[in-house]
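Structural description and commentary
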Amino acid sequence: MASNVQGFAYVKDRYLPLEDATIPVIDWGYRRSDVTYDVVTVWKGAFFQLDAHLARFRRSMKSLRLKPRESDDEIRTCLIECVRRSQLRDAYVAVDCLRGTPAAEKLSHPANADNYIIAFARPYVSIMSEDVQKRGTHLIVASAQRIASESVDPTVKNFHWGDLTQGAFEALDAGADGCVLLDRDKNVTEGPGYNVFSVVAGKVVTPNRGALEGITRMSVIELCADERIQCEVRPLPVSEFLQSDEIFITSSAGGIMPVSRINKTILCNDRPGPVSSHLRQRYWERREQGWHATPVDYDSVESS
Ligand SMILES: Cc1ncc(COP(=O)(O)O)c(C=O)c1O
């Protein structure tokens, strides 16, 4: 099959080229952000942490009372099939569960909508360019506060990105690459698309609440244990965060990304710090060795 660099999508039982995939404009997934999603990556022909992503996606759907027709195994097949059809060796693979729309004759309530899955594979994207990762990301602490966890549970992957988007624009205006949002108690939460880690005296800290339980974050916690680096998961007050020796951010779309500036403070001579660099190096080495990998069989016979 010819390679399609634009990618492939799955929408309501059908596979189609990504550019042809659409959703109805009246869908509550779009009109009300009534949707959850997950993003898993493929690198050198293998998924990373596929089962962990599927488990988190199912937890998110349960929490929002979304009940698509597909089982976890079927969703797994959809994702693999999107990658196989796209023939992409490095891919960004998204899966969404949308609320849908209640049928016209039914009460206009989310319980009456038919929920459904869409998925797609497109070429891999990183939230920070290779150049920025090499020199170290420049971050600011945004004035926009992270939406309260009591209102929108950040452990459920969601599209309520108003606060994160506001922070991203604050960063742009400040000439920075990204931002970190605080909660109302001035603890660090996360940034637009990434978790945050601080390093002090060789010890790694990441917030225990107010943030998505990132799969890369989980992998870093495992990596720290393997590398005998102490890692604490606990509240991270901004006062402590701003005294960090090193900072790094994590996302499926980029892996472990060192930070070299926070607000006006320069860290580690304006370069990625030793602990961040070591973890970043080990992360990619381990992935190369097949860590939590699910290889894609690109030659298998088409299913449907
Ligand atoms: C708000 C937010 N936090 C953290 C992350 C990192 O999560 P993961 O490592 O699972 O990609 C993401 C990923 O998109 C995100 O959107």
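Structure: see above.
Every value quoted in this text rests on a predicted model; they were computed, and no experiment measured them. (Residues numbered from 1 in each chain as written. Predicted model: local features only at pLDDT ≥ 70, side-chain atom pairs only at ≥ 80, totals over all residues. Heavy atoms only, no water.)

Concerning the site of the ligand
Taken together, 16 residues lie near the ligand, and Lys157, Glu190, Ile215, Thr216 and Ser252 sit nearest. Contact between the ligand and Arg56: an oxygen atom at 2.9 Å from a side-chain N or O atom of the residue. One nitrogen or oxygen atom from the side chain of Ser252 is found 2.7 Å from an oxygen atom belonging to the ligand. In isolation the ligand has 390 Å² of accessible area, and contact with the protein removes 93% of it. Taken together, the elements giving at least two residues each to the shell around the ligand come down to α6 (215-226) and β12 (246-251). Split by residue class, the shell around the ligand holds five nonpolar, eight polar and three charged. (Near = heavy atom within 4 Å. Polar contact = N/O pair within 3.5 Å; in protein donor to acceptor, adjacent residues only side chain to side chain. Areas by Shrake-Rupley, 256 points an atom, 1.4 Å probe, with all protein chains shown as cover. Helix = DSSP H or I, 4+ residues; strand = E, 2+ residues; numbered from the N terminus. Nonpolar A, V, L, I, M, F, W, Y, C, P; charged D, E, K, R; others polar.)

A look at the pairing of strand β6 (residues 116-123)
Bridging between strand β1 (residues 8-11) and β6 involves four bridges; their strand directions are antiparallel. Within the sheet, the bridge partner assigned to Tyr10 lies in β6 and is Ala119. Relative to β6, strand β5 (residues 91-98) runs antiparallel, the two being bridged by eight bridges. Residue pairing across strands places Ala94 opposite Phe120, the latter belonging to β6. (Pairing = 2+ DSSP bridges.)

Here we look at helix α2 (residues 50-63)
The end-to-end C-alpha separation of α2 is 20 Å, in line with the 20 Å expected for 14 residues at 1.5 Å each. Taken as a whole, α2 has its buried residues at Leu50, Ala52, His53, Leu54, Arg56, Phe57, Arg58, Ser60 and Met61. Among the residues trailing α2, Arg65 stands out with phi positive, at a value near 55°. (Expected span 1.5 Å × (residues − 1). Buried < 20%, exposed > 50% of the residue type's maximum accessible area, 1.4 Å probe, protein only.)

Overview of helix α3 (residues 72-86)
Since the α-helix turns once every 3.6 residues, residues separated by three or four places project in the same direction. When the terminal C-alpha atoms of α3 are compared, their 21 Å separation across 15 residues agrees well with the 21 Å that a helix rising 1.5 Å per residue should span. Gln87 occupies a position one or two residues after α3 and carries a positive phi of about 65°.

Topic: the pattern of salt bridges
It is possible for side chains of opposite charge to pair when their charged atoms get near one another. Inspection of the entire model under this criterion finds 21 salt bridges. Close ionic contact of Arg146 with Glu190 constitutes a salt bridge, the shortest N to O distance being 3.0 Å. Here Glu190 lies in the loop between β8 (178-182) and β9 (195-200) and Arg146 lies in the loop between β7 (137-145) and α5 (162-173), a separation of 44 residues in the sequence. Among the residues examined, Glu190 registers a relative accessible area of 6% and is labelled buried. The structure contains a network of salt bridges with shared partners spanning Lys203, Glu232, Arg234 and Glu240. (Salt bridge = Lys/Arg side-chain N within 4 Å of Asp/Glu carboxyl O.)

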